[in-house]
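# Working through the structure, step by step
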Amino acid sequence: METPRGVAYFHSGDAIGYYANMLYFPVDGTTVVYAVNSNYGRIDHAVSTKNAMEKIILVTKK
């Protein structure tokens, strides 16, 4: 995925009660991982959309 911080490889998943995501930035070897509580089938758009991931990435920027 192209992000404001560069290319990231990512994997996400959800199950009853949670959502998790991992992003890896090969240019500098940075990995960002987060997990949050959620409603199964209704993942909160504050954490699961590309826009949300970009905001989280910008907070973790060096």
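Higher on the page you've got the structure.
Remember, it's a predicted structure, so these values are computed and weren't measured experimentally. (Residues numbered from 1 in each chain as written. Predicted model: local features only at pLDDT ≥ 70, side-chain atom pairs only at ≥ 80, totals over all residues. Heavy atoms only, no water.)

Read from one edge to the other, the open sheet built from 3 strands follows the order β3-β4-β5, with strand pairing classed as antiparallel. Each edge of the open sheet is held by one strand with a lone partner, namely β3 (9-15) and β5 (30-37). Adjacent strand axes in the sheet meet at a mean angle of 5° when their direction is disregarded. Pairing of β3 with strand β4 (residues 18-25) involves 7 bridges; the strand directions are antiparallel. Within β4, the residue paired with Ala15 across the bridge is Tyr18. (Pairing = 2+ DSSP bridges. Helix = DSSP H or I, 4+ residues; strand = E, 2+ residues; numbered from the N terminus. Axes fitted to C-alpha atoms, helices over the stretch in contact; angles between N-to-C directions.)

The next subject is a nonpolar patch on the surface. Together, Val7, Tyr9 and Tyr24 give the surface a local cluster of nonpolar side chains, amounting to about 290 Å² of exposed area. Mapped onto the fold, Tyr24 is located in strand β4. (Patch = residues over 30% accessible without salt bridge, like charges linked within 9 Å, V, L, I, M, F, W, Y side chains within 5 Å. Areas by Shrake-Rupley, 256 points an atom, 1.4 Å probe, with all protein chains shown as cover. Salt bridge = Lys/Arg side-chain N within 4 Å of Asp/Glu carboxyl O.)

With that settled, consider the packing of aromatic side chains. Taken as a whole and judged by the stated rule, the model has 1 aromatic pair. Summarising the aromatic geometry, the rings of Tyr19 and Tyr34 are spaced 6.5 Å apart at their centres and angled 50° between planes, so their arrangement reads as tilted. With a gap of 15 residues between them, Tyr19 in strand β4 and Tyr34 in strand β5 connect regions that are remote in the sequence. For Tyr19, a relative accessible area of 6% corresponds to the buried category. A relative accessible area of 12% places Tyr34 in the buried class. The residue whose ring lies beneath Arg5 is Phe25, and the NZ or CZ to ring-centre distance is 5.0 Å. (Phe/Tyr/Trp six-rings, centres within 6.5 Å; stacked < 30°, edge-to-face > 60°. Buried < 20%, exposed > 50% of the residue type's maximum accessible area, 1.4 Å probe, protein only. Lys NZ or Arg CZ within 6 Å of the ring centre and 35° of its normal.)

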